[in-house]
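# Architecture and fold: a report
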Amino acid sequence: MKVQVLQLLEGAKKAKGLTVIIDVFRAFSMEAYMMARGAKKIIPVGDCDLAYKLKQENPDIILAGERGGKILPGFDVGNSPWELLKLDVQGKTVVHTTSAGTQGIANAKGADEILGAGLVTAKAVAEYIKKSGAEDVSLVCMGLAAESETEEDTLCAEYIKSLLTGGSVDMEKEIENLKVTSGAKFFDPAQKEVFPTEDFAMCTEVDKFDFVLRLKTDGDGLAYMEKICL
């Protein structure tokens, strides 16, 4: 098995084989919590206009997403797992668009199969990859707005890689470091409305869930995330 760690939009475009799009803060942590709370289907889209169009076609859809971290106009929730707790998603279809994670999915055109991942599903993702028999694995870190590398996404990729190759990562130490690097915004009172402190803990709860998020396409050609339990 060949495992490569790639970065940002260019990485997504270069990805091949079984491709894992990683966004810890917060897209695929958010989607994992959605699934855990009973969402029927999650439709990740790169384009805000498509999200609005889907909502117009089906008013029962929940819109979730952000640009610059902030909730989009007319959306039901932003990209915060903590804010999600206030919303009932049981049995609902959620359309999700973000600055980084969903952009990675939209640009991974060369992938054979796509998973969305964060620290909360990292071990499950590694187990899925082992069982898949994939020869090529691409771990794509989407970073900040898909434009600059971030410590949390690279950490997630290195952790998944270590589980596949027999290496080791001191996760407790690395997560503590995130509090003063890319995760510092969650502890800044001036940014609390956009980046609640609670999101940090929820997004860094390593291996919380025993399922993966796998992209599937329906009969109409619309891609959505399905929950695969291990």
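Structural notes, computed from the coordinates. Values in this document were obtained by computation on a predicted structure and should not be read as measured data. (Residues numbered from 1 in each chain as written. Predicted model: local features only at pLDDT ≥ 70, side-chain atom pairs only at ≥ 80, totals over all residues. Heavy atoms only, no water.)

## Points about the overall build of the chain
As a reminder of what qualifies: Numbered from the N terminus, helices here are DSSP runs of H or I no shorter than four residues, and strands are runs of E no shorter than two. Only the C-alpha atoms count toward the radius of gyration. The rule for a globule is 2.2 Å times the residue count to the power 0.38. Under the scheme applied here, a residue whose accessible area is under 20% of the maximum for its type counts as buried, over 50% as exposed, and between as partly exposed, the area being computed with a 1.4 Å probe on protein chains only. Throughout, the Shrake-Rupley method with a 1.4 Å probe supplies accessible areas, and for residues the shown protein chains are the sole cover considered. Note on charges: Lys and Arg go in the positive column, Asp and Glu in the negative column, and His and the chain ends are not counted at all. To locate a charge, take atom NZ for lysine, CZ for arginine, CG for aspartate or CD for glutamate.
Within the chain, the regular secondary structure consists of nine helices and 10 strands. For a compact globule of 230 residues, the expected C-alpha radius of gyration is about 17 Å, and the chain comes in at 16 Å, within 12% of that figure. The dimensions of the chain, computed from C-alpha atoms along their principal axes, are 45 × 45 × 30 Å. Out of the 230 residues in the chain, the part that is buried amounts to 53%. Counting every atom, the chain has about 10,200 Å² of accessible surface; 48% of that belongs to carbon and sulfur. The averaged location of the 36 negative side-chain charges in the chain is 3 Å from the averaged location of its 27 positive side-chain charges.

## Description of the pairing of strand S9 (residues 211-217)
Heads up, the condition is: In this description, strands pair whenever DSSP reports at least two bridges between them.
As judged from the two bridges shared by strand S7 (residues 111-117) and S9, these two strands associate in the antiparallel manner. In the sheet register, Gly 116 faces S9, and the bridge partner there is Leu 213. Alignment of S9 against strand S10 (residues 223-229), held across seven bridges, turns out to be antiparallel. Bridge assignment links Lys 216 to a residue of S10, and that residue is Tyr 224.

## What to know about the environment of Phe 25
Heads up, the rule is: Only heavy atoms matter for contacts: two residues are in contact if any of them lie within 4.5 Å across the pair.
Summarising the element assignment, Phe 25 is placed in the loop between strand S2 (17-22) and helix H2 (27-36). Given a relative accessible area of 10%, Phe 25 falls into the buried group. In sequence terms Phe 25 and Met 171 are 146 residues apart; their C-alpha atoms lie 16 Å from each other. In this view, Phe 25 contacts Glu 152, Asp 153, Leu 178, Ser 182, Gly 183, Phe 186, Phe 200, Cys 203 and Thr 204; residues no more than four positions away in its chain are not counted.

## Observations concerning H2
In terms of burial, H2 is a largely internal element, nine of the 10 residues being buried. Along H2, the residues that are buried comprise Ala 27, Phe 28, Ser 29, Met 30, Glu 31, Ala 32, Tyr 33, Met 34 and Met 35. Positive phi appears at Gly 38, one or two residues downstream of H2, with a value of about 95 degrees.

## Some details on the packing of aromatic side chains
The description of two aromatic rings rests on the distance between their centres and on the angle between their planes. How we decide: Geometry of aromatic contacts follows a simple scheme: Phe, Tyr and Trp rings, the Trp one being its six-membered ring, pair when their centres are within 6.5 Å, and the pair is stacked under 30 degrees between planes, edge-to-face over 60, tilted otherwise. Over a ring means this: the NZ of a Lys or the CZ of an Arg is within 6 Å of the ring centre and within 35 degrees of the ring normal.
This model, assessed by the stated rule, comprises eight aromatic pairs. Ring pairing ties together the aromatic residues Phe 25, Phe 186, Phe 187, Phe 195 and Phe 200, which thus form one cluster. Looking at Lys 41, its charged tip hangs above the ring of Tyr 224, at a distance of 4.5 Å from the centre. Across from the ring centre of Phe 211, 4.8 Å away, lies the NZ or CZ of Lys 227, which sits over that ring.

## Things to note about the side chain of Ser 80
The following threshold applies: By the criterion applied in these results, polar contacts are pairs of N or O atoms within 3.5 Å in which, for protein atoms, one can donate a hydrogen and the other can accept it, and in which residues neighboring in sequence qualify only through two side-chain atoms.
With respect to the helices, strands and loops of the structure, Ser 80 is situated in the loop between strand S5 (70-71) and helix H4 (81-84). At 3.0 Å, the side chain of Ser 80 and the backbone nitrogen of Glu 83 are in polar contact.

## Some remarks on the pairing of strand S6 (residues 93-97)
Buried residues dominate S6, accounting for five of its five residues. Across the two faces of S6 the burial is the same, with Thr 93, Val 95 and Thr 97 and Val 94 and His 96 all buried. For strand S3 (residues 41-44) and S6, the ladder comprises four bridges, and the chain directions are parallel. Residue pairing across strands places Pro 44 opposite His 96, the latter belonging to S6. The pairing of strand S4 (residues 62-67) with S6 spans four bridges and is parallel.

## Digging into the nonpolar core
The condition that has to hold: The nonpolar core is taken to be a set of buried Ala, Val, Leu, Ile, Met, Phe, Trp, Tyr and Cys residues, with the residues joined through side-chain atoms within 4.5 Å.
Counting 34 residues, the largest nonpolar core has Val 20, Ile 22, Val 125, Ile 129, Leu 139 and Ile 160 as the members making the most contacts within it. Elements supplying a minimum of two residues to this core: S2, S7, helix H6 (122-132), strand S8 (136-141), helix H7 (151-165), helix H8 (171-178) and helix H9 (197-203). Setting aside anything within four residues of it in sequence, one finds Val 125 in contact with Val 20, Leu 115, Ala 117, Ile 160 and Val 212. One finds Phe 28, Ile 42, Ile 114 and Val 120 within the second-largest nonpolar core, a separate group that totals 33 residues.

## Considering the packing of H6 against H7
Our working rule: Only the stretch in contact is used when a helix axis is fitted, and all axes are lines through C-alpha atoms; the angle between N-to-C directions ranges over 0 to 180 degrees. Working definition: roughly parallel below 35 degrees, roughly antiparallel above 145 degrees, roughly perpendicular at 65 to 115 degrees, and oblique for all remaining angles. Put simply, a crossing is left-handed when the front helix is turned counterclockwise from the back one by less than a right angle, and right-handed when it is turned clockwise. Under the grouping applied here, Gly and all other residues not named as nonpolar or charged are polar, the nonpolar ones being Ala, Val, Leu, Ile, Met, Phe, Trp, Tyr, Cys and Pro and the charged ones Asp, Glu, Lys and Arg.
Close contact between H6 and H7 brings their axes to 9 Å; oriented N to C, the two are set at 45 degrees. The angle between the axes of H6 and H7 places the two elements in the oblique class. Note that H6 runs across H7; the crossing there is right-handed. Every residue of H7 that contacts H6 at Ala 122, Lys 123, Val 125, Ala 126, Ile 129 and Lys 130 is listed here: Cys 156, Tyr 159, Ile 160, Leu 163 and Leu 164. Considered class by class, the residues forming the contact of H6 with H7 number nine nonpolar, no polar and two charged.

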